Amino acid sequence: MLLATDLRKQYTAVVAVDGVSLRAERGRMLGLLGPNGAGKTTTIRMLLRIIPPDDGIITYDGLPYSEAVINRIGYLPEERGLYRKSRVLNTIVYFASLRGVPAPEAKSRAISWLERLEISHYAGSRMEELSKGNQQKIQFIIAVLHDPDYVVLDEPFSGLDPLNQGLLNGILQDLKQRGKSVIFSTHVMHQAEQLCDDICLIDGGKVVLEGDLNRIRAGFGRETAKIEFTGDPGVLDAIPNIRVVEKFANSAEVLFTDAGRTAEIVADLARRLDLRMFERRGPSLNTIFLETVRGRRGREGGAGK
Amino acid sequence: MTSKILAVAWWEYSEKIKSKAFIVSLILLPAVIVGLVLVPAIFVTGSDTEPRELGIVDETGAYASTFSELLGDRFILPDGRPNYRLHVIARGGSADIFQMVVLADSMVLRGEMEGYFILRSPLGDLVDAEYRTHNVGNIRLQEKLTPVLREAVTAVKLRRRGIDPEMIAELGHSLKLRTFKVSPGGRSEETAFDQTFFSVYMYMMMLFFIIMTSGQLLVRSMLEEKSNRIVEILLSSLPARDIMGGKILGLGALGVTQLLTWGIFATAVSRYSGLSVIPLGGALLLTVYFILGYLFYSAIFVSAGAPLSTEQEAQQVTSLFSMGLVVPLALSFPVMQDPGSALAIVLTLIPLFTPMMMAIRIPSQMPPLNEIILSLCILGASVFVMMRLAGRIFSASVLLSGKRLSFRELRAMLAKMQ
């Protein structure tokens, strides 16, 4: 288990991470969620000791950070680049050597990973000859080649087409099955919803929601509806007993402020819009995310005034 | 931990040795040396392999045989044959000189001989000489043969006045100034000034090329990793100072490769051309200065380059600090002429200039021991201090990209790290 307690990091003017605690368990997938600039990347960098925390403790299976621990962590950074002129296989073997894997072993593992990710024909190519998506696959191989117990991925799905997202998803599930702890950050909520066992929602450098995703969903306590319609979405704001979480041109997600009045709500909606669909359901992670972040900001904004 | 430093070093070495910048610099220096020194040297000292055919029309009839003897005496091909074969086309006043000239000219034009001499004596003892050839551009030949002809004429005239031929040979012996370099321990070796001059320039060029190549590769690789964020993967694997150490080690090994390649090249050249281009005495000591100099400049390049974000900026910074290498280069002549001068001593003790100054001084005159020790101490201490500073700056600024770190921010970060 990776356990971080009260991490803090201050840059010259801003506090990027302010007392973040999180736990990532073996055989589970932890999603680190949050809006842009929430402090996700800084948190991840501290977990990997790329930057030292100003304050706080991180333990890896109860052990403090050490040389032995380094080799048990794999990392895929958010902004991705590789040595453009270098050969694919050489590059993978080099990074594996920095994680303590001897070259012959690294080479055979690299080849099987390249095959698994369907890019084995690029083994001898220069990195710059590869497409962006394929470069990302190489980076993923670099993150997992040394068979780490903790796999930390910063926005792993960005830049991948749906086909490759599926491929990566399968591999992550497999890692989880094998008892690895997978930590990844994202701001794409439906991905997190499909993949994560646990989430840690960060906003403004603080954890605002954390724990088992199913339990969080159940504990959110309010129901939502997805509606589809034609008409002016602006009228939604005037309808009593609901709050609009998100609205688009022809659809919206609304939260019931009084779930007992569903029939009234539907009637109101049908009167003002050409209602095509009304689906009552549990809160999506997206709703939870938006509500939590807005609620927190609203409170802070109110407190500030 | 050391194995990871070595992994970084090996990566830098094996990747950069294939880079264009390295290969160009590897070839450029020998090319410059060949261009500047060797080509003229070959023209001056290079010898023929086949005899050259020359002729003489000697109206006076007195000088041809002596001239021929002297030529055969002075110029011999490596295989023992005479370098110049002098054909006597006409001797004495009996023949029609005009016709002889027409005949000889046609022989030259047909390529049967390269050229021929005409000797006339218009008045008494006076000799009028002429050389006719199809190739007046061959200055070397005329330069070589004129003194011999003069010697032949003089010898004949002296003999006529009844002077003993042996005495003539003795009197005619020309004076040649040889230069010896005196070194401690009673040793002295024959060294020409231009030879010292040449080796000084070679050492300076080598140092300059090695430091500039490796320094630029160092800064470039640092900035590449910074801008494409590879540095994050590196930093998650090993501490910043180890990354820096590995890079400096790897690129230092690249410098040694450069040095060895040039050393082999220079040895081959000196064997081939007979020019002793590398006096081995002091080369070892100079290598120590080279290594310290490389480390010192690397630390400067890292300190100055790490906070930057583009290659153009880095180019400017490296060229600014390379002035430390250029200043001694500009002052090399006065220093070579007076290696013990106050100017030379002061410059030697400034760490930025030490390696270059030693590249000038060691080949021309071994500096006194106390100066060597003092300069090594100062340079060594500077390397230590600069390396520590470079490590801190590297750690502090390596994660920042897209913006240049201001001096104040840098100072704040450094203070925080202490």
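Residues numbered from 1 in each chain as written. Chains lettered and ligands numbered in written order. Predicted model: local features only at pLDDT ≥ 70, side-chain atom pairs only at ≥ 80, totals over all residues.

### Brief notes about the overall build of chain B
Counting secondary structure elements, chain B contains 17 helices and six strands. Burial statistics for chain B: of 418 residues in total, 35% are counted as buried. Across chain B, every contact between residues at least 6 apart in sequence was considered, and the portion connecting residues at least 24 apart equals 75%. (Helix = DSSP H or I, 4+ residues; strand = E, 2+ residues; numbered from the N terminus. Buried ≥ 20, exposed ≤ 12 C-beta atoms within 10 Å, placed from the backbone. Contact = placed C-beta atoms within 7 Å.)

### Remarks on the sheet that holds strand 2 (residues 84–91) of chain B
The pairing of strands in a sheet happens through backbone hydrogen bonds and is either parallel or antiparallel. Residues and elements named next belong to chain B. Here four strands make up an open sheet; going across it, the order is 2-1-3-4 and the pairing mixed. A strand with exactly one partner marks an edge of an open sheet, and here the two such strands are strand 2 and strand 4 (128–133). Put simply, the sheet's adjacent strands are angled 20° from each other on average, direction ignored. Inspection of the sheet shows strand 3 (residues 115–120) paired to strand 4 by six bridges, in the antiparallel sense. Opposite Ile118, over in strand 4, you have Glu130 as the bridge partner. Here helix 3 (residues 64–74) sits on the sheet and contacts strand 1 (52–58) and strand 2; the angle it forms with strand 2, its principal contact strand, is near 175°. Relative to the sheet, helix 4 (residues 97–109) contacts strand 1, strand 2, strand 3 and strand 4, its axis offset from that of strand 1 by approximately 170°. (Pairing = 2+ DSSP bridges. Axes fitted to C-alpha atoms, helices over the stretch in contact; angles between N-to-C directions.)

### Focus on the interface of chain A and chain B
Contacts between chain A and chain B engage 21 residues on the former and 17 residues on the latter. Put simply, the parts of the chain that give the side of chain A that touches chain B at least two residues each are helix 2 (67–70), strand 5 (73–76) and helix 3 (88–97) of chain A. In terms of residue count, helix 3 of chain A provides more of the side of chain A that touches chain B than any other element does, three residues in total. The residue inventory of the side of chain A that touches chain B, partitioned by class, reads 13 nonpolar, four polar and four charged. (Nonpolar A, V, L, I, M, F, W, Y, C, P; charged D, E, K, R; others polar.)

### Here's the deal with the environment of B:Thr348
Residues and elements named next belong to chain B. Relative to the helices and strands, Thr348 resides in helix 14 (residues 342–349). Separated by 215 residues in sequence, Thr348 and Thr133 have C-alpha atoms that sit 55 Å apart. Dropping the residues within four chain positions of it, Thr348 is found in contact with Phe353, Thr354, Met357, Met358, Arg361, Glu371 and Ser375.

### Quick notes on the nonpolar core
Ranked by size, the top nonpolar core spans 141 residues in total, and within it A:Ile92, A:Ile141, A:Leu145, A:Val152 and B:Ala359 carry the most contacts. Residue contributions to this core peak at 16 residues, all from helix 7 (residues 193–227) of chain B. Sequence-distant contacts of A:Leu145, that is, excluding residues within four places in its chain, are made with A:Ile92, A:Ala96, A:Val101, A:Ala106, A:Arg109, A:Ala110 and A:Trp113. B:Leu70, B:Ala90, B:Leu145 and B:Leu149 belong to the second largest nonpolar core, which has 23 residues in total. (Core = buried A, V, L, I, M, F, W, Y, C linked by C-beta atoms within 7 Å.)

### Considering the sheet that holds strand 8 (residues 198–203) of chain A
Residues and elements named next belong to chain A. Strand order in the open sheet formed by six strands is 5-6-7-3-8-9, with mixed pairing between adjacent strands. Bordering the open sheet on either side are strand 5 and strand 9 (206–212), each of which pairs with just one other strand. Geometrically, the sheet is characterised by an average inter-axis angle of 15° between neighbouring strands, direction not taken into account. Here five bridges tie strand 6 (residues 150–154) to strand 7 (residues 181–186), and the two strands are oriented parallel to one another. The residue bridging Asp154 from the neighbouring strand is Ser185, located in strand 7. Relative to strand 6, helix 1 (residues 40–47) is tilted by about 150°, and along the sheet it contacts strand 3 (29–33), strand 6, strand 7 and strand 8. This element, helix 5 (residues 132–144), spans strand 5 and strand 6 of the sheet and lies at about 165° to strand 5.

### Side note on the domain arrangement of chain A
According to the domain assignment, chain A consists of domain 1 (2–216) and domain 2 (222–282). For domain 1 of chain A and domain 2 of chain A, the distance between their C-alpha centroids amounts to 39 Å. (Domains from an automatic or database assignment.)

### What about the packing of helix 10 (residues 283–305) of chain B against helix 11 (residues 311–321) of chain B?
All names here are of chain B. Direction vectors running N to C along helix 10 and helix 11 enclose 145°, while the axes themselves pass 10 Å from each other. Crossing of helix 10 over helix 11 shows right-handed handedness. Contact with helix 10, carried on its side by Ile300, Phe301, Ala304 and Gly305, involves Ala314, Val317, Thr318 and Phe321 of helix 11 and no other residues of that element. A per-class count over the contact of helix 10 with helix 11 returns six nonpolar, two polar and no charged. (Left-handed = near helix turned anticlockwise from the far one by under 90°.)

### A look at the pairing of strand 6 of chain A
Residue and element names in this part refer to chain A. Of all five residues in strand 6, five are buried; the element is thus mostly enclosed. Where strand 5 and strand 6 come together, four bridges link them in parallel fashion. Considered in strand 6, the bridge of Leu76 is made with Leu153. In this fold, strand 6 hands off to helix 6 (residues 162–177), which returns the chain to strand 7; that crossover is right-handed. (Right-handed = clockwise from strand over helix to strand, strands pointing away.)

### Focus: the environment of B:Gln365
Note that B:Gln365 resides in the loop between helix 15 (354–364) and helix 16 (369–397). Considered as a pair, B:Gln365 and B:Lys226 are 139 residues apart in the sequence and their alpha carbons are 45 Å apart.

### Brief notes about the packing of helix 14 of chain B against helix 15 of chain B
Residue and element names in this part refer to chain B. Look at helix 14 against helix 15: their axes get within 7 Å of each other, and the N-to-C directions meet at 140°. When the axes of helix 14 and helix 15 are compared, the pair comes out oblique. Considering the relative orientation of helix 14 and helix 15, their crossing is left-handed. Residues Ala344, Leu347 and Thr348 of helix 14 pack against Thr354, Met357, Met358 and Arg361 of helix 15. The residue makeup of the contact of helix 14 with helix 15, split by class, is four nonpolar, two polar and one charged. (Parallel < 35°, antiparallel > 145°, perpendicular 65-115°, else oblique.)

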